Amino acid sequence: MTAYWIAHVKVLDPAKYKDYTEIAPLAFKKFGAVFLARGGAAQVLEGESFERHVVIRFSDMETALACYHSPEYQAAKAKRDGHCVAQVAIVEGLEG
């Protein structure tokens, strides 16, 4: 069953955040991620406002979690820590 990585991000330091965006794709590629939305136009209708919204499809929950916990992604995450506020959730898709 597919799984979706959903992230909401508020960038605090664009120059430092770029360090993350340069190496994070290595992890996503390794785990077969497919980007469905990445930072385009959005309207926050309820809750905290973030400037970037990202939705990534994975083949299953285990693969999405393996990507997040991989050395490749954790190295990228270390580059963004302190330079953004992020909320990341991985949710299982529906059957059919």
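Residues numbered from 1 in each chain as written. Predicted model: local features only at pLDDT ≥ 70, side-chain atom pairs only at ≥ 80, totals over all residues. Heavy atoms only, no water.

1. Side note on the pattern of salt bridges
Per the stated rule, a full pass over the model turns up five salt bridges. Glu48 is the salt-bridge partner of Lys10, the closest N and O atoms lying 3.6 Å from each other. Of the two residues, Lys10 is situated in strand S1 (residues 3-11) and Glu48 in the loop between strand S2 (34-38) and strand S3 (52-58); the sequence distance between them amounts to 38 residues. On the basis of relative accessibility, which here comes to 28%, the residue Lys10 falls in the partly exposed class. Asp81 is the partner of Lys77 in a salt bridge, and the nearest nitrogen-oxygen pair spans 3.2 Å. When salt bridges with common partners are traced through the structure, they connect Lys77, Arg80 and Asp81 into a single cluster. (Salt bridge = Lys/Arg side-chain N within 4 Å of Asp/Glu carboxyl O. Helix = DSSP H or I, 4+ residues; strand = E, 2+ residues; numbered from the N terminus. Buried < 20%, exposed > 50% of the residue type's maximum accessible area, 1.4 Å probe, protein only.)

2. With respect to the packing of helix H1 (residues 14-30) against helix H3 (residues 71-80)
The N-to-C vectors of H1 and H3 enclose an angle of 165 degrees; their axes lie 8 Å apart at closest approach. Comparing the axis directions of H1 and H3 gives the class roughly antiparallel. Crossing geometry of H1 relative to H3 is assigned as left-handed. Residues Lys16, Tyr17, Asp19, Tyr20, Ile23, Ala24, Ala27, Phe28 and Lys30 of H1 touch H3, and the partners they reach there are Glu72, Tyr73, Ala75, Ala76, Lys77, Lys79 and Arg80. (Axes fitted to C-alpha atoms, helices over the stretch in contact; angles between N-to-C directions. Parallel < 35°, antiparallel > 145°, perpendicular 65-115°, else oblique. Left-handed = near helix turned anticlockwise from the far one by under 90°. Contact = heavy atoms within 4.5 Å.)

3. Side note on the side chain of Thr63
Positionally, Thr63 belongs in helix H2 (residues 61-69). Leaving out residues up to four positions away in the same chain, Thr63 has contacts with Phe31 and Phe58.

4. Some remarks on H2
Inspection of H2 places Met61, Thr63, Ala64 and Cys67 among the buried residues, and these make up the whole buried set. Angular distribution of buried residues about the axis of H2 spans 170 degrees; they occupy a single face of the element. Exposed residues on H2 whose side chains face more than 90 degrees from its buried face are Glu62 and His69. Here H2 starts with a cap whose side-chain oxygen sits 3.3 Å from the backbone nitrogen of Glu62, and that cap is Asp60. (Arc of directions from axis to C-beta. Polar contact = N/O pair within 3.5 Å; in protein donor to acceptor, adjacent residues only side chain to side chain.)

5. Structural notes on the sheet that holds S2
Read from one edge of the open sheet, four strands run S2-S3-S1-S4, paired in antiparallel fashion. Bordering the open sheet on either side are S2 and strand S4 (84-92), each of which pairs with just one other strand. Taken over all neighbouring pairs, the strand axes of this sheet differ in orientation by 15 degrees on average, direction set aside. With four bridges connecting them, S2 and S3 associate as antiparallel partners. (Pairing = 2+ DSSP bridges.)

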